[in-house]
Amino acid sequence: MPDGTNSGLQGVQNQLISTAPTAPPPGSGLIAGANAATPPPPPPNFAALGSGQAKADFAAAASNGGWEFNPEAMDKVIQQLEDSLDNEYSRARTIAIQFAQLGQPGSDTVTTAYSKAADRATTAYNEFLRGTVDYLDSYVQTLKDIRTAYVKQDHAAIDALRGTRKVD
């Protein structure tokens, strides 16, 4: 059954007197009548993720009945991760910075398009690298906190890092 507003003579009249959708600004890339995409969500907090993962790894290992804290083994893991941050990730950051500083070799259309694409790729890589370094830094710091808690025999800190709390 027609509702009297969208069909027949009334529907035609409503279309004629309704305001037309506004056109997008020229050069915006939007199609008339289309809505802009929602902005992407903010990037994750990689430092929180790294700390959380270290705590989860520790809790999983410590929940095993036969597990025993070994400070030398933990020091070795911490040292390997710090070496990786100081060597491989440091070299990657240096290369990424050098790549970002490269100028455009020419001014023709193809070179300009390539340079823009390379800039976007460099930006994405640098964001990835920054997130990875933040994650590993936080992971290592949490491992150091765990080691310190065990060395000091701080049972409240150990329970907090395991994610368990003693109820008195």
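Provided above is the structure to which this section pertains.
What you see is a predicted model; the values in this text were computed from it and never measured.

Take the overall build of the chain next. Scanning the chain for helices and strands turns up 5 helices and 0 strands. Evaluated residue by residue, the chain yields a buried proportion of 20% over its 168 residues. Here the analysis covers contacts within the chain between residues at least 6 apart in sequence; of these, 70% occur between residues at least 24 apart. Accessible surface for the chain amounts to roughly 12,400 Å². Of this, 57% is attributable to carbon and sulfur atoms.

Going through the model one piece at a time under the given rule, you end up with 4 aromatic pairs. Both rings, one in Y125 and one in F128, keep their centres 6.2 Å apart while their planes meet at 40°; by these two values the pair is tilted. Of this pair, Y125 and F128 both sit in helix 4 (residues 109-151), 3 residues apart, which is roughly one turn of the helix. Counting every residue linked through ring pairs, the aromatic cluster contains F58, F69 and Y150.

Considered as a void within the structure, the largest pocket measures approximately 210 Å³ in volume. What lines the largest pocket is a set of 13 residues, and nearest its centre among them are F58, A61, W67, M74 and L143. Residue assignment for the lining of the largest pocket shows that the elements contributing at least two residues are helix 2 (46-62), helix 3 (71-100) and helix 4. No other element matches the 4 residues that helix 2 contributes to the lining of the largest pocket. Across the lining of the largest pocket, the residue classes tally to 11 nonpolar, 1 polar and 1 charged.

This next bit is on the pattern of salt bridges. Side chains that differ in sign of charge can pair as their charged atoms come close. Here the structure, examined in full by the defined rule, presents 2 salt bridges. A salt bridge links R147 to D75, with the nearest nitrogen and oxygen atoms 2.7 Å apart. Separated by 72 residues along the polypeptide, R147 in helix 4 and D75 in helix 3 bring together distant segments of the chain. Judged by its relative accessible area of 22%, R147 falls in the partly exposed class. A salt bridge links K144 to E82; the shortest N-O distance between them is 2.5 Å. Of this pair, K144 sits in helix 4 while E82 sits in helix 3, and the two are 62 residues apart along the sequence.

Next up on the list: the nonpolar core. In this structure, F58, M74, L81, L143, I146 and Y150 are the most contacted members of the largest nonpolar core, which totals 17 residues. Of all the secondary structure elements, the ones that give two or more residues to this core are helix 2, helix 3 and helix 4. The element best represented in this core is helix 4, accounting for 8 residues.

On to helix 3, then. In a regular helix each residue adds 1.5 Å, so 30 residues correspond to 44 Å; helix 3 covers 41 Å between its end C-alpha atoms and thus fits that length. Its maximal kink placed at Y89, helix 3 deviates by approximately 30°. All of the buried residues in helix 3 are M74, I78, L81, S84, L85, A92 and A96. Buried-residue contacts for helix 3 involve helix 4. Where helix 3 begins, one side-chain oxygen reaches toward the backbone nitrogen of E72, 3.1 Å away; that side chain belongs to N70.

Residue position: T142 is located in helix 4. What makes T142 buried here is its relative accessible area of 5%. For T142, the side chain forms a polar contact with the side chain of S51, separated by 3.1 Å.

Definitions and cut-offs
- Residues numbered from 1 in each chain as written.
- Predicted model: local features only at pLDDT ≥ 70, side-chain atom pairs only at ≥ 80, totals over all residues.
- Heavy atoms only, no water.
- Helix = DSSP H or I, 4+ residues; strand = E, 2+ residues; numbered from the N terminus.
- Buried < 20%, exposed > 50% of the residue type's maximum accessible area, 1.4 Å probe, protein only.
- Contact = heavy atoms within 4.5 Å.
- Areas by Shrake-Rupley, 256 points an atom, 1.4 Å probe, with all protein chains shown as cover.
- Phe/Tyr/Trp six-rings, centres within 6.5 Å; stacked < 30°, edge-to-face > 60°.
- 1 Å grid on protein atoms, 1.4 Å probe; cavity = no way out; pocket = protein on both sides within 12 Å on 5 of 7 lines; lining within 4 Å.
- Points joined across faces, edges and corners; volume = space filled by probe spheres on them.
- Nonpolar A, V, L, I, M, F, W, Y, C, P; charged D, E, K, R; others polar.
- Salt bridge = Lys/Arg side-chain N within 4 Å of Asp/Glu carboxyl O.
- Core = buried A, V, L, I, M, F, W, Y, C linked by side-chain atoms within 4.5 Å.
- Expected span 1.5 Å × (residues − 1).
- Bend = angle between axes of the 7 residues up to and from the residue.
- Polar contact = N/O pair within 3.5 Å; in protein donor to acceptor, adjacent residues only side chain to side chain.

The values are spatial; any link to function lies outside them.
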